[in-house]
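Chain by chain, the residues run as shown.
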Amino acid sequence: MEEMEALRVTACTRCPDLVECRSRIVNGTGPDDADVVFVGEGPGAQEDSEGEPFVGRSGSVLDDALRTVGIDREAVRITNCVRCRPPENRDPTGMELENCREYLEREIELLDPEVIVTLGKVPSEHLLDRSVAVTKEAGSVEDVRIDGTLRRVLICVHPAATLYDRSQETTFEQALERAADLADLDETSGGQTRLDGF
Ligand code: SF4
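Residues numbered from 1 in each chain as written. Predicted model: local features only at pLDDT ≥ 70, side-chain atom pairs only at ≥ 80, totals over all residues. Heavy atoms only, no water.

A. Spatial organisation of empty space enclosed by the protein. The final tally for this structure, using the stated rule, is two cavities of 30 Å³ or more. Estimated volume of the largest cavity: approximately 70 Å³. If you go around the largest cavity, the residues you meet are Val9, Cys12, Arg14, Cys15, Leu18, Val82, Arg83, Cys84, Asn99, Cys100 and Tyr103. Counting residues per element, the lining of the largest cavity draws most heavily on helix α5 (residues 94–111), at three residues. Taken together, the residues of the lining of the largest cavity sort by class into eight nonpolar, one polar and two charged. Empty space within the second largest cavity amounts to approximately 50 Å³. In terms of lining residues, the second largest cavity is bounded by Met4, Leu7, Arg8, Asn27, Gly28, Arg77, Arg83, Tyr103 and Glu107. Secondary-structure elements contributing two or more residues to the lining of the second largest cavity are α1 (2–7) and α5. Residues that form the lining of the second largest cavity fall into these classes: three nonpolar, two polar and four charged. (1 Å grid on protein atoms, 1.4 Å probe; cavity = no way out; pocket = protein on both sides within 12 Å on 5 of 7 lines; lining within 4 Å. Points joined across faces, edges and corners; volume = space filled by probe spheres on them. Helix = DSSP H or I, 4+ residues; strand = E, 2+ residues; numbered from the N terminus. Nonpolar A, V, L, I, M, F, W, Y, C, P; charged D, E, K, R; others polar.)

B. Quick peek at the pattern of salt bridges. If you walk through the whole model with that rule in mind, you get 14 salt bridges. Notably, a salt bridge pairs arginine 130 with glutamate 137, separated by 2.6 Å at the nearest N-O pair. Overall, the relative accessible area of 21% leaves glutamate 137 in the partly exposed class. Among the ionic contacts, a cluster of salt bridges with common partners joins Arg14, Glu102 and Arg106. (Salt bridge = Lys/Arg side-chain N within 4 Å of Asp/Glu carboxyl O. Buried < 20%, exposed > 50% of the residue type's maximum accessible area, 1.4 Å probe, protein only.)

C. Structural context of the side chain of threonine 162. By the secondary structure assignment, threonine 162 is in helix α8 (residues 161–164). Separated by 2.7 Å, the side chain of threonine 162 and the backbone oxygen of proline 159 make a polar contact. (Polar contact = N/O pair within 3.5 Å; in protein donor to acceptor, adjacent residues only side chain to side chain.)

D. Representation of α5. Its 18 residues place the ends of α5 25 Å apart at the C-alpha level, agreeing with the 26 Å of an ideal helix rising 1.5 Å per residue. Of all the bends in α5, the greatest measures close to 40° and is centred on arginine 101. For α5, every residue scored as buried is listed here: Glu96, Leu97, Asn99, Cys100, Arg101, Tyr103, Leu104, Glu105, Glu107, Ile108 and Leu111. Positioned one or two residues after α5, aspartate 112 has a phi angle of 50°, which is positive. (Expected span 1.5 Å × (residues − 1). Bend = angle between axes of the 7 residues up to and from the residue.)

E. Examining unusual backbone geometry more closely. Within the chain, phenylalanine 54 stands out as a residue other than glycine whose phi angle is a positive 55°. With respect to the secondary-structure elements, phenylalanine 54 resides in the loop between α3 (45–50) and α4 (57–69). Among the residues examined, phenylalanine 54 registers a relative accessible area of 6% and is labelled buried. Within the chain, asparagine 89 stands out as a residue other than glycine whose phi angle is a positive 55°. Here asparagine 89 shows up in the loop between β2 (77–80) and α5.

Spelled out as structure tokens, the structure:
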């Protein structure tokens, strides 16, 4: 845990627009030995206000879906491609993604997770380094080299997609089920188990 604490970004001014917009830097949350790491795009208004990723409306959807498939949120790591809120909730620019990539790579290296779940188009394309049709490709898995190490990446829709299109709920939950299977969360692994009854 000390190592992860040391990786917390507390002062960074690489992205002038985001520095202007943010209230704080939003670091990842969750145990430093998590087998599953969820990677979103960046903090929204609520996350910026509370200093935690996925605590707004999208966070509620993520929590509900995790509960449905039996994954304990406390057992997974949740982080973002950029740690500061983009103005007017725009997508982070390519430069901002690259500026922040070092922090994400260090976090992934320390976690050494079984699977990385990309929540939406921006993190999927950023980590896979190609164009991704998220709705079509959700649930598919690709091995990709991140900072020199081969990592298993599972593409997933953004939780908010299920708010606008209810048919995405099943897609979303099936992707989370697959993540749990890939990480063997139903088997005890360093205390990481799926919730009872699933
Ligand atoms: S988004 Fe990342 S790189 Fe950019 S200012 Fe925030 S912490 Fe620094």
